Amino acid sequence: MSDSAKHVKVLILGAGPAGLSAALYAARAELEPIVLTGMQLGGQAALTHTIENYPGFPEGVGGIQLGELFQKQAERFGAKVEFDLAQAVDFSQRPYKVTADSGEYLADSLILATGANPLHLEIPGEEELTGRGVSYCATCDGWFFKDKKVVIVGGGDSAFEEALFITRYASSVTLIHRREEFRASVLLQKRAKEHPKMNFILNTVVTEVVGKEKLEALKLKDVKTGAESTFETDGLFIFIGHAPNSQMFKSKLEMSELGYVKVNDKMETSVPGVFAAGEIADPTFRQVVTSAGMGAAAAIQATRFLEAEESAHSPA
Ligand code: NAP
């Protein structure tokens, strides 16, 4: 054990809605939690321009703004948010060890809230042209496509919400989807279908991203007829779902086939004192409000876990 390791009662990995809500609850239980932010302060919510379905904000709230409010509220009660990235965990003995960029942490309990990352199409040209026309974040990159032609891939809430956001900048937004039915909510579909800048290409997949220095065109394939075509565009935004950020916990915790950390209704993982919350453990709901709820539940349970342990060790 390194002498410089920081010993904490509750260590939280991830600073999205789940991690910061867990921090708020753990801080209010006077457990002085430390949150390691990872790469994305505010989590995926911070990549969303406006969140319209988080209760308490009838006019909607900016994704970055909501993250800042979560953080401020947790810090008010004593949570510490460190801009640090966890690299490895050791659950073989208590306190559990987490090795991060800035050093080691020893934690009596852990709340894993490392979220999820956008899936890629995994087609030729996609990786090479990421940042040169290909993007996974409309809030980050939408502005670069002022008066330009943009394509969105996906048929879920993310694709529709972000497509509508990009209509603020782009001259046209074409949503390409591999089927005829969408998963997106009826309200979002209605708004998009009525928007004058929006077009739809259905039953079609993108098979290649074409361009030298920057994106120039996409190769498309009609999945019903097999017909291939080329579609010129300046931007390609891909919103086809997410994969949980759980690689670090592989073979250390029970997980589903898709890599979601398994939790019971108390947010307990297969390791005592290790809890998980938010999209790392939620393949079903994946909403800001559900992630925040899971974070709060995980912190309440971590508090109970530590209290039970303390009373078991205190003299009768
Ligand atoms: P999603 O609901 O899983 O939708 C992914 C979409 O991408 C689907 O239409 C899917 O097509 C398509 N897709 C997947 N792999 C593909 C591939 N290789 N090539 C082409 N298309 C592909 O993902 P999401 O839109 O990111 O939403 C995730 C969760 O977050 C959902 O529960 C959603 O409700 C929630 N969310 C909510 C809001 C909101 O309420 N405001 C906003 C954003 C996200 P198929 O339909 O054919 O499978």
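Structure shown above.
This is a predicted model, so every value here is computed, not measured.

The subject of this paragraph is the pairing of strand S14 (residues 204–210). Sheet analysis places S14 next to strand S15 (residues 217–222), joined by six bridges and oriented antiparallel. In the strand pairing of S15, Val206 is matched with Leu220. The turn linking S14 back onto S15 is made up of six residues.

Spatially, five strands are ordered S10-S17-S11-S12-S13 in an open sheet, and the strand pairing comes out parallel. Edge positions in the open sheet fall to strand S10 (134–135) and strand S13 (198–201), since each of these has one partner strand only. Of the strand pairs in this sheet, strand S11 (residues 149–153) and strand S12 (residues 172–176) are connected by five bridges, and their pairing is parallel. Within S12, the position partnered with Val151 by the bridge is Thr174.

Quick look at the packing of helix H1 (residues 17–28) against helix H2 (residues 63–76) now. At a minimum axis distance of 8 Å, the contact between H1 and H2 shows a crossing angle of 20°. For the element pair H1 / H2, the angle class is roughly parallel. As for the relative orientation of H1 and H2, their crossing is left-handed in sense. Residues Pro17, Leu20, Ala23, Leu24 and Ala27 of H1 touch H2, and the partners they reach there are Gly67, Phe70, Gln71, Gln73 and Ala74. Looking at the contact of H1 with H2 residue by residue, the class counts come to seven nonpolar, three polar and no charged.

The next point concerns the site of the ligand. What surrounds the ligand is a group of 19 residues, the closest being Asn53, Asp157, Glu161, Arg179 and Arg183. Here an oxygen atom of the ligand and a side-chain polar atom of Asn53 are 2.7 Å apart. Here a nitrogen atom of the ligand and a side-chain polar atom of Glu161 are 2.7 Å apart. For the shell around the ligand, the leading source of residues is helix H4 (residues 157–166), giving three residues.

What follows deals with the layout of surface pockets. For the second largest pocket, the calculated volume is near 230 Å³. Residue lining of the second largest pocket: Thr48, His49, Thr50, Glu52, Glu161, Glu162, Leu164, Phe165, Arg168, Leu188 and Arg191, and that is the complete set. Put simply, the parts of the chain that give the lining of the second largest pocket at least two residues each are H4 and helix H5 (186–194). Element by element, the count of residues in the lining of the second largest pocket is highest for H4, at four residues. Here the lining of the second largest pocket is built from residues that sort into three nonpolar, three polar and five charged.

Turning next to the environment of Glu228. Mapped onto the fold, Glu228 is located in strand S16 (residues 228–232). Once the C-alpha coordinates of Glu228 and Leu13 are considered, the two residues, 215 residues apart in sequence, prove to be 45 Å apart.

It is worth spelling out empty space enclosed by the protein at this point. Per the stated rule, a full pass over the model turns up one cavity of 30 Å³ or more. A volume near 30 Å³ is recorded for the largest cavity. Counting residues per element, the ones that place at least two in the lining of the largest cavity are H1 and H2. Among the elements that take part in the lining of the largest cavity, H2 stands out by supplying four residues, more than any other. Across the lining of the largest cavity, the residue classes break down as six nonpolar, four polar and no charged.

Now for the pairing of S11. The side chains of a regular strand alternate, residue by residue, between the two faces of the sheet. Of all five residues making up S11, four are buried, and the element is well covered by its neighbours. Following the backbone out of S11, through H4 and into the adjacent parallel S12, one traces a crossover that is right-handed. Bridge count between S11 and strand S17 (residues 235–238): four bridges; the pairing is parallel. Looking at the pairing, Ile152 lines up with Phe237 of S17.

Leu11, Leu13 and Leu110 are the most contacted members of the largest nonpolar core, which totals 57 residues. Leu110 has contacts with Leu11, Leu13, Phe91, Tyr96, Val98, Gly273, Val274 and Phe275, leaving out every residue within four places of it along the chain.

The next thing to look at is the sheet that holds S16. By way of backbone hydrogen bonds, the strands of a sheet pair with one another, either parallel or antiparallel. One open sheet holds the three strands; their spatial order is S14-S15-S16, and the pairing between them is antiparallel. Edge strands, defined here as strands with exactly one partner in the open sheet, are S14 and S16. For this sheet, the mean inter-axis angle between neighbouring strands, taken without regard to orientation, is 30°.

For the coordinates displayed, the defined rule picks out eleven aromatic pairs. Consider the rings of Tyr54 and Phe70, whose centres lie 5.7 Å apart with planes at 85°: the pair is edge-to-face. With Tyr54 in the loop between strand S3 (50–51) and strand S4 (61–62) and Phe70 in helix H2, this pair connects stretches of sequence that are 16 residues apart. Note on accessibility: Tyr54 and Phe70 belong to one class, buried. An aromatic cluster is present here, built from Tyr54, Phe57 and Phe70 joined pairwise through their rings. Over the ring of Phe77 we find Arg28, and its NZ or CZ is 4.7 Å from the ring centre. The residue whose ring lies beneath Arg94 is Tyr96, and the NZ or CZ to ring-centre distance is 5.5 Å.

Conventions we followed
- Residues numbered from 1 in each chain as written.
- Predicted model: local features only at pLDDT ≥ 70, side-chain atom pairs only at ≥ 80, totals over all residues.
- Heavy atoms only, no water.
- Pairing = 2+ DSSP bridges.
- Helix = DSSP H or I, 4+ residues; strand = E, 2+ residues; numbered from the N terminus.
- Axes fitted to C-alpha atoms, helices over the stretch in contact; angles between N-to-C directions.
- Parallel < 35°, antiparallel > 145°, perpendicular 65-115°, else oblique.
- Left-handed = near helix turned anticlockwise from the far one by under 90°.
- Contact = heavy atoms within 4.5 Å.
- Nonpolar A, V, L, I, M, F, W, Y, C, P; charged D, E, K, R; others polar.
- Near = heavy atom within 4 Å.
- Polar contact = N/O pair within 3.5 Å; in protein donor to acceptor, adjacent residues only side chain to side chain.
- 1 Å grid on protein atoms, 1.4 Å probe; cavity = no way out; pocket = protein on both sides within 12 Å on 5 of 7 lines; lining within 4 Å.
- Points joined across faces, edges and corners; volume = space filled by probe spheres on them.
- Buried < 20%, exposed > 50% of the residue type's maximum accessible area, 1.4 Å probe, protein only.
- Right-handed = clockwise from strand over helix to strand, strands pointing away.
- Core = buried A, V, L, I, M, F, W, Y, C linked by side-chain atoms within 4.5 Å.
- Phe/Tyr/Trp six-rings, centres within 6.5 Å; stacked < 30°, edge-to-face > 60°.
- Lys NZ or Arg CZ within 6 Å of the ring centre and 35° of its normal.

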